[in-house]
Amino acid sequence: MSAREIAALEENLWSNWSQFGGPEGCAFTRTEKVFRLDTPIASLPYNGVFKFSVEETEADAEIDALMHHYEKRGVDHLWVIHPTASPTDLDERLNRRAFREAENCTGMIAGPEELKGSDTLPDGLVIHEVGAEHKDVVMEMVATRWQVPSEAVMHLHAFYQMICSPTGGGTMRGWLALLDGHPVGKAFTHRNNGVIGLYGVATKPEARGKGVAAALCLRALRESVMSNDDLLVLHSSPMAENLYCRMGFRPVAPFRIFARDGAFHV
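Residues numbered from 1 in each chain as written. Predicted model: local features only at pLDDT ≥ 70, side-chain atom pairs only at ≥ 80, totals over all residues. Heavy atoms only, no water.

Student: Hey, could you go over the nonpolar core for me, with residue numbers and the actual values?
Tutor: Counting residues in each nonpolar core, the largest one holds 47 residues, and the members touching the most others are Tyr46, Val142, Val148 and Leu156. Top contributing element to this core by residue count: helix H1 (residues 3-18), with six residues. The residues touching Val148, leaving out its near neighbours within four places in the chain, are Ile41, Ser43, Tyr46, Ala143, Val153 and Leu156. Counting 28 residues, the second largest nonpolar core, distinct from the first, contains Leu125, Ala187, Leu218 and Ala220. (Core = buried A, V, L, I, M, F, W, Y, C linked by side-chain atoms within 4.5 Å. Buried < 20%, exposed > 50% of the residue type's maximum accessible area, 1.4 Å probe, protein only. Helix = DSSP H or I, 4+ residues; strand = E, 2+ residues; numbered from the N terminus. Contact = heavy atoms within 4.5 Å.)

The following block contains the structure:
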């Protein structure tokens with residue numbers, strides 16, 4: 001791994017999640033050492049600590065202050081242990097506070113020219129870039145994936161209304177996959193400083209094993225790339241890592257997600 005690759009993986013992730021701090025009632029707070037997301041949605045992953053680079057002598061007090069902040073708000077929150085996080089025993093400090101590793105994602109990288117796979121779609125599959133006519137369907141899929149309560153779905157609409165616009169120069173774009181006319185998958189891309197990140201990839205169980213995920217990801221990435229983009233990044237679940245390797249991505253570094261038991265729905 002190189003410092004440039006680590007920076008691309010971290011900074012695209014932080015930039016992507018910073019967008020969720022834009023709508024009313026939300027905030028993405030940045031200091032030199034900590035990046036923190038606050039939203040009105042009480043369930044994960046919509047509140048959490050995405051960057052933590054604190055001196056060892058200050059770490060416990062800072063961790064306790066952040067946890068108290070979220071407890072006072074009455075929301076679950078997660079912690080991302082990213083490659084440059086500090087102190088190096090942050091995982092142990094979180095464990096002592098009843099936070100456990102919920103998922104170990106692999107940060108992966110490819111050059112646009114390294115993408116592998118056919119643009120021919122499987123029979124019955126259609127992929128649309130998300131526009132106004134698709135947003136309700138996509139928001140329903142997002143809400144189902146993360147078990148967002150019905151009373152909080154309006155906040156999802158506020159996020160994506162603000163940050164996701166098809167071909168309109170926005171930093172985030174979305175794609176919806178339909179198989180035989182039924183919505184079965186979605187994915188988003190985020191551009192930041194010449195790096196394209198792939199996020200929110202999900203397919204319904206009935207569509208798995210049919211080439212939907214690969215086709216969806218390839219379409220999203222290839223349509224997002226502009227002439228000055230030089231890296232593609234993603235943060236893969238263990239289940240999807242082989243898929244992304246077949247697409248031309250290579251593993252670089254872990255991104256470990258910590259949460260209280262039962263709060264993070266993998």
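Student: I'd like to hear about the side chain of His134, residue by residue, with values.
Tutor: Along the polypeptide, His134 turns up in the loop between strand S6 (125-129) and helix H4 (135-145). Residue class for His134 comes out buried when judged on its relative accessible area of 11%. In this structure His134 touches His128, Glu129 and Leu176, once residues within four positions along its chain are discounted.

Student: Describe the packing of aromatic side chains, and please don't skip the residues or the numbers.
Tutor: For any pair of aromatic rings, the description rests on two quantities: the centre-to-centre distance and the angle between the ring planes. This model, assessed by the stated rule, comprises 14 aromatic pairs. Between Trp17 and Tyr46, the ring centres sit 6.2 Å apart and the planes meet at 65 degrees, which makes this aromatic pair edge-to-face. Of this pair, Trp17 sits in helix H1 while Tyr46 is found in the loop between strand S2 (34-38) and strand S3 (48-52), placing the two residues 29 residues apart along the sequence. Looking at Trp17, the relative accessible area reads 14%, which means it is buried. Judged by its relative accessible area of 2%, Tyr46 falls in the buried class. With a centroid separation of 5.5 Å and an interplanar angle of 45 degrees, the aromatic rings of Trp146 and Phe264 are classed as tilted. Placement of the pair is Trp146 in the loop between H4 and helix H5 (153-163) and Phe264 in the segment after strand S11 (250-260), with a sequence separation of 118 residues. When sorted by exposure, Trp146 lands in the same class as Phe264, which is buried. (Phe/Tyr/Trp six-rings, centres within 6.5 Å; stacked < 30°, edge-to-face > 60°.)

Student: So what's going on with helix H2 (residues 56-73)? Which residues, and what values?
Tutor: When the terminal C-alpha atoms of H2 are compared, their 27 Å separation across 18 residues agrees well with the 26 Å that a helix rising 1.5 Å per residue should span. Structurally, H2 contributes buried residues whose contacts are with S2, S3, strand S4 (78-81), helix H3 (90-95), strand S5 (99-110) and S11. At the exit of H2 stands Gly74, carrying a positive phi of roughly 75 degrees. (Expected span 1.5 Å × (residues − 1).)

Student: Just give me the short version of the pairing of strand S1 (residues 27-30), but keep the residues and values in it.
Tutor: Sheet topology note: the S1/S2 ladder contains four bridges and is antiparallel. Bridged to Phe28 within S2 is Leu37. Linking S1 back to S2 in an antiparallel pair, the connection comprises three residues. (Pairing = 2+ DSSP bridges.)

Student: Describe in detail the environment of Met172, supporting the description with residues and values.
Tutor: Position of Met172 relative to the elements: it lies in strand S7 (residues 172-179). Residue class for Met172 comes out buried when judged on its relative accessible area of 2%. Expressed as a C-alpha distance, the spacing of Met172 and Asp76, which sit 96 residues apart in the sequence, is 25 Å.

What is shown is where atoms sit, not what they do.
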